[in-house]
Amino acid sequence: MRVKYIIKILFLFTIFFMSYAKVFAGNSIAFITDILNIALFIYLIQSKKISSIISVIGKPVSVLFLVLIIVGLFSGIINSLSPITIFWGFRTFYRFSIFFLACIAVLSIEDIKYYNKWLPKILIINFAVSAIQYFILNERGDLNKGTLGDNSGLYILCYICLAYFILAYIYNRISLKTMFIYISLILLIAIFSELKVIFFLIPFTYILSIIIGKKSIKTVSSIIFISVFSFIGLFLITFFYGAKYTSFLTDQEEIQAYAFEAGHYNFQEGGLNRGTALTDIDNIFYHNNPIERYFGMGIGSASPSPLINSSFFNRYGSQLSYFYFLTSYLLIEQGWLGFLLYVTIWTILVFRLRNLKIKNEEFNFWKSFSIILLVQIILSIWYNASLVRDDCWFLFLYLSIPFIYYKQHLLRSKISHIIKNKNEID
């Protein structure tokens, strides 16, 4: 099926070639993914599979998503934005939603096996490339991005792989030694690219995996392993960056300054920070305007893209750097109503997955995996703006896997019901 090839191209291109393509063509290379995504959107409309997708993801999520689109459209209209600006805003925030729905509609359990095999390879390749960038090319911090489009892509890859390999151990798919090797690669990538949050996500993901995943004595006893691993991680951080960097990860005042001190994130006086972005935007722009407070300044109005030539970005972009955090980005463009709807949809998806029941360990593995991803996605809304960058395609593909299993389950149940009724009539 051609649609499956489009999904495969988006998956492989954005993981392995986006970084290098941007060197030659700049950010405009992302238009290739937009064209392919439009093809997926047309397929979804023409295929008449919307009702089956709704039955999989649930009506509450579907209704709220529709309301969110209406809010975005209304925010653009009342702020007299051009159709191009509104279109670009929808493209920025919801292109991956189209891809996610297309994956559910088109992919099968056999396809899942193909993408499952890729995850260890993607991690190993990005570790090698990230190490080369660090030691040979002297590309560190945000410049270190592996094969992905930017540093936020490595962040996404790290938390996907954390959930996958920890759960793979808990579900007896890999040994403790193998899990140790893969988490070590994740830790080293985080060190090369200075992804500080990963040092906190390692124990957090492990504890979450124990709570959500399969229970056994082995999983609880391996907490000792994670404790030892954390000390090894701190030693490696000290080796690469010195004791000052280690104290930054362990000192409560340093952590609080990193998250809440104005200008701390982008080293600019007056710049937003993740811990204060929501309140700062509300106080600066919305204290005397209830309509804009609820609906924002219009979807697409604050886009940093040069194609839109946003007057808001030109005036406040360098000063506030609001586009570093999805909280402030959403609040500016879609107001409190759009922001709360956005967060609520992700939260309801967690409960939707929790309520899906199939007596199948493979499904339960991917169900636990996607629940952990959803929790990390909700955290990343606060932490950065990775969900609107160019590197999210593979995240949404892996997130769709348990829904694909459930779709197949519903299809089998429907066929069994038809056969049963036919036999009773005969």
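Keep in mind that what you see is a predicted model, and the values were worked out from it rather than measured.

**With respect to the pattern of salt bridges**
Inference 1: Scanning the entire structure with this criterion turns up six salt bridges.
Inference 2: Close ionic contact of D390 with R95 constitutes a salt bridge, the shortest N to O distance being 2.9 Å. Of the two residues, D390 sits in the loop between helix 19 (361-383) and helix 20 (393-399) while R95 sits in helix 6 (residues 83-106), which places them 295 residues apart along the sequence.
Inference 3: On the basis of relative accessibility, which here comes to 11%, the residue D390 falls in the buried class.
Inference 4: The partner of D282 in a salt bridge is R293, with the nearest N and O atoms 3.1 Å apart. A residue pair is termed long-range when its members are at least 10 positions apart, and D282 in helix 15 (residues 277-285) and R293 in helix 16 (residues 290-295) qualify at 11 residues.
Inference 5: Since its relative accessible area comes to 26%, R293 is described here as partly exposed.

**Observations concerning the packing of aromatic side chains**
Inference 1: Inspection of the entire model under this criterion finds 42 aromatic pairs.
Inference 2: Geometrically, the ring pair formed by Y324 and F325 is edge-to-face, given 6.5 Å between the ring centres and 80° between the ring planes.
Inference 3: Taking relative accessible area as the criterion, F325 reaches 0% and is therefore assigned buried.
Inference 4: We note R91 situated over the ring of W88; from NZ or CZ to the ring centre the distance is 4.3 Å.
Inference 5: Sitting over the ring of W382, R274 keeps its end group 6.0 Å from the ring centre.

**Notes on the side chain of S75**
Inference 1: Here S75 lies in helix 5 (residues 59-78).
Inference 2: With a relative accessible area of 0%, S75 lands in the buried category.
Inference 3: When neighbours within four sequence positions are excluded, S75 is seen to be in contact with F295, M297, G298, I299 and E333.

**Digging into unusual backbone geometry**
Inference 1: Positive phi, normally seen in glycine, also occurs at K48, with a value near 60°.
Inference 2: With respect to the helices and strands, K48 occurs in the loop between helix 3 (30-47) and helix 4 (50-57).
Inference 3: In this structure, N138 is a non-glycine residue whose phi angle is positive, near 60°.
Inference 4: Position of N138 relative to the elements: it lies in the loop between helix 7 (109-135) and helix 8 (151-170).
Inference 5: When its relative accessible area of 52% is taken as the criterion, N138 is described as exposed.

**Here's the deal with helix 18 (residues 326-355)**
Residues three or four positions apart in an α-helix share a direction because the helix packs 3.6 residues into each turn.
Inference 1: Between the first and last C-alpha of helix 18 there are merely 28 Å, a value that for 30 residues lags more than 12% behind the 44 Å anticipated at 1.5 Å per step.
Inference 2: By the largest-angle criterion, Q334 marks the main kink of helix 18, which is about 125°.

Analysis parameters
Residues numbered from 1 in each chain as written. Predicted model: local features only at pLDDT ≥ 70, side-chain atom pairs only at ≥ 80, totals over all residues. Heavy atoms only, no water. Salt bridge = Lys/Arg side-chain N within 4 Å of Asp/Glu carboxyl O. Helix = DSSP H or I, 4+ residues; strand = E, 2+ residues; numbered from the N terminus. Buried < 20%, exposed > 50% of the residue type's maximum accessible area, 1.4 Å probe, protein only. Phe/Tyr/Trp six-rings, centres within 6.5 Å; stacked < 30°, edge-to-face > 60°. Lys NZ or Arg CZ within 6 Å of the ring centre and 35° of its normal. Contact = heavy atoms within 4.5 Å. Expected span 1.5 Å × (residues − 1). Bend = angle between axes of the 7 residues up to and from the residue.

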